[in-house]
Amino acid sequence: MTDHSSQITFVRPGGVATKVFADGAETMRVCLGYLHDPDDGVLAEMNANRDPVPWQSAKVRDEAIGAVERRKDLEDETRTQLVEWIVATPYFEDH
């Protein structure tokens, strides 16, 4: 008999999720999400100088950098600081 199972991952507005693996779970940033979300937004994280949530992978982190660089709703200084913050944030190795 085949064992069918599924898993649902909830992504919070700031782009953070807890992903379950065979040997446990990790909280990570899986997308850029809403920058200003007070709980998980990367801009709120930077402004509060909180420990950064690691990115899911280098690819996800690089996509977020590109998205921030293209945003027209950020002041140049904020955009530069945010890109620097994201670049300095660790990421989980790609599998």
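Definitions and limits used
- Residues numbered from 1 in each chain as written.
- Predicted model: local features only at pLDDT ≥ 70, side-chain atom pairs only at ≥ 80, totals over all residues.
- Heavy atoms only, no water.
- Helix = DSSP H or I, 4+ residues; strand = E, 2+ residues; numbered from the N terminus.
- Buried < 20%, exposed > 50% of the residue type's maximum accessible area, 1.4 Å probe, protein only.
- Areas by Shrake-Rupley, 256 points an atom, 1.4 Å probe, with all protein chains shown as cover.
- Lys, Arg positive; Asp, Glu negative; His and termini not counted.
- Charge placed at Lys NZ, Arg CZ, Asp CG, Glu CD.
- Phe/Tyr/Trp six-rings, centres within 6.5 Å; stacked < 30°, edge-to-face > 60°.
- Lys NZ or Arg CZ within 6 Å of the ring centre and 35° of its normal.
- Salt bridge = Lys/Arg side-chain N within 4 Å of Asp/Glu carboxyl O.

> Any chance you could break down the overall build of the protein chain for me, citing the residues and the numbers?
Regarding its fold elements, the protein chain presents three helices and two strands. Secondary structure elements of the protein chain occur, N-terminal to C-terminal, as β-β-α-α-α. C-alpha extents for the protein chain along the principal axes are approximately 60 × 25 × 25 Å. Burial analysis of the protein chain (95 residues in total) assigns 36% to the buried set. Accessible surface, the protein chain: about 6400 Å² in total, of which carbon and sulfur atoms supply 51%. Side chains of the protein chain give 10 positive and 18 negative charges; the mean places of these two sets differ by 5 Å.

> I'd like a rundown of the packing of aromatic side chains, residues and numbers included.
By convention here, two paired aromatic rings are described through the distance between centres and the angle between planes. On inspection of all chains with the given rule, the structure shows zero aromatic pairs. Seen from the ring of Trp 55, Arg 29 lies directly overhead, with NZ or CZ sitting 5.6 Å from the centre.

> Explain the pattern of salt bridges residue by residue, including any values.
Under the defined criterion, the tally for this structure stands at six salt bridges. Here Glu 45 and Arg 29 are joined by a salt bridge, their closest N and O atoms 2.9 Å apart. Pair noted here: Glu 45 is in helix α1 (residues 42-47) and Arg 29 is in strand β2 (residues 24-29), with a separation of 16 residues, a long-range link. This pair shows no difference in class: Glu 45 is buried, exactly as Arg 29 is. Salt-bridge contacts for Arg 71 lead to Asp 73; the nearest nitrogen and oxygen are separated by 2.6 Å.

> Got a sec to walk through unusual backbone geometry? Specific residues and values, please.
For Asn 49, which is not glycine, the phi dihedral falls at a positive 55 degrees. Mapped onto the elements, Asn 49 comes out in the loop between α1 and α2 (58-70).

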